Amino acid sequence: NSECINFDMVGSIKAMPLSVLSTGTRAVFASEMVTLAKSIPVKTNVLYEGDSDHASFNAAGINAVTLIHDDIDKIHTIDDTMDNFNEKNLKDVTLV
């Protein structure tokens, strides 16, 4: 009865929704996360992708999602610094 919430690339300086990544086999868990986020309210969307950190848990039958601000402009570059971090966006993620 385990569940996993993975945080990846959260706190983007850009204004963007919080994406809830899941696989289709765990859609109910992802929907519950979105419902919770919208009640706070945090702008969200759901992406069903099987190639992120949550996928191996889903494949093992564990409810798992990845919460992500899908801002890939600077990830793994020399510009991936704290200057591009937004504390309020991170706080919104922690409320979920």
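Above this text is the structure in question.
So, a few notes on the structure that sits alongside this text. (Residues numbered from 1 in each chain as written. Predicted model: local features only at pLDDT ≥ 70, side-chain atom pairs only at ≥ 80, totals over all residues. Heavy atoms only, no water.)

Let's shift gears to the pattern of salt bridges. Summed over all chains, the structure comprises three salt bridges. Residue Asp-73 is joined to Lys-14 by a salt bridge in which the shortest nitrogen-to-oxygen separation is 2.0 Å. One end of the pair, Asp-73, is in the loop between β4 (63–68) and α3 (87–95); the other, Lys-14, is in the loop between β1 (3–7) and β2 (18–22), and 59 residues separate them in sequence. The salt bridge involving Lys-88 is made with Asp-92; its shortest N-O contact spans 2.9 Å. On the criterion of helical spacing, the pair formed by Lys-88 and Asp-92 is a turn pair, its members being four residues apart in helix α3. The class for Lys-88 is exposed, based on a relative accessible area of 54%. Residue Asp-92 is classed as buried on the basis of its relative accessible area of 16%. Each of the salt bridges in this network shares a partner with another, and the network as a whole consists of Lys-14, Asp-71 and Asp-73. (Salt bridge = Lys/Arg side-chain N within 4 Å of Asp/Glu carboxyl O. Helix = DSSP H or I, 4+ residues; strand = E, 2+ residues; numbered from the N terminus. Buried < 20%, exposed > 50% of the residue type's maximum accessible area, 1.4 Å probe, protein only.)

A few words on the layout of surface pockets. Each pocket or cavity is described by its volume, and for the largest pocket that value is around 290 Å³. In terms of lining residues, the largest pocket is bounded by 16 residues, among which Gly-11, Ser-12, Asp-71, Asp-80 and Asn-84 are the most central. Of the residues contributing to the lining of the largest pocket, the split by class is six nonpolar, five polar and five charged. (1 Å grid on protein atoms, 1.4 Å probe; cavity = no way out; pocket = protein on both sides within 12 Å on 5 of 7 lines; lining within 4 Å. Points joined across faces, edges and corners; volume = space filled by probe spheres on them. Nonpolar A, V, L, I, M, F, W, Y, C, P; charged D, E, K, R; others polar.)

What follows concerns unusual backbone geometry. Glycine aside, residues mostly have negative phi angles, and peptide bonds mostly take the trans form. At the junction of Ile-40 and Pro-41, the peptide bond is cis and its omega measures out at -5° in the coordinates. For Pro-41, the position within the fold is in the loop between α1 (27–39) and β3 (44–48). At Met-9, a position not held by glycine, the phi torsion is positive, near 55°. Residue placement: Met-9 occurs in the loop between β1 and β2. For Met-9, a relative accessible area of 23% corresponds to the partly exposed category. With a phi close to 60°, His-76 is a non-glycine residue in the positive phi region. One can find His-76 in the loop between β4 and α3.

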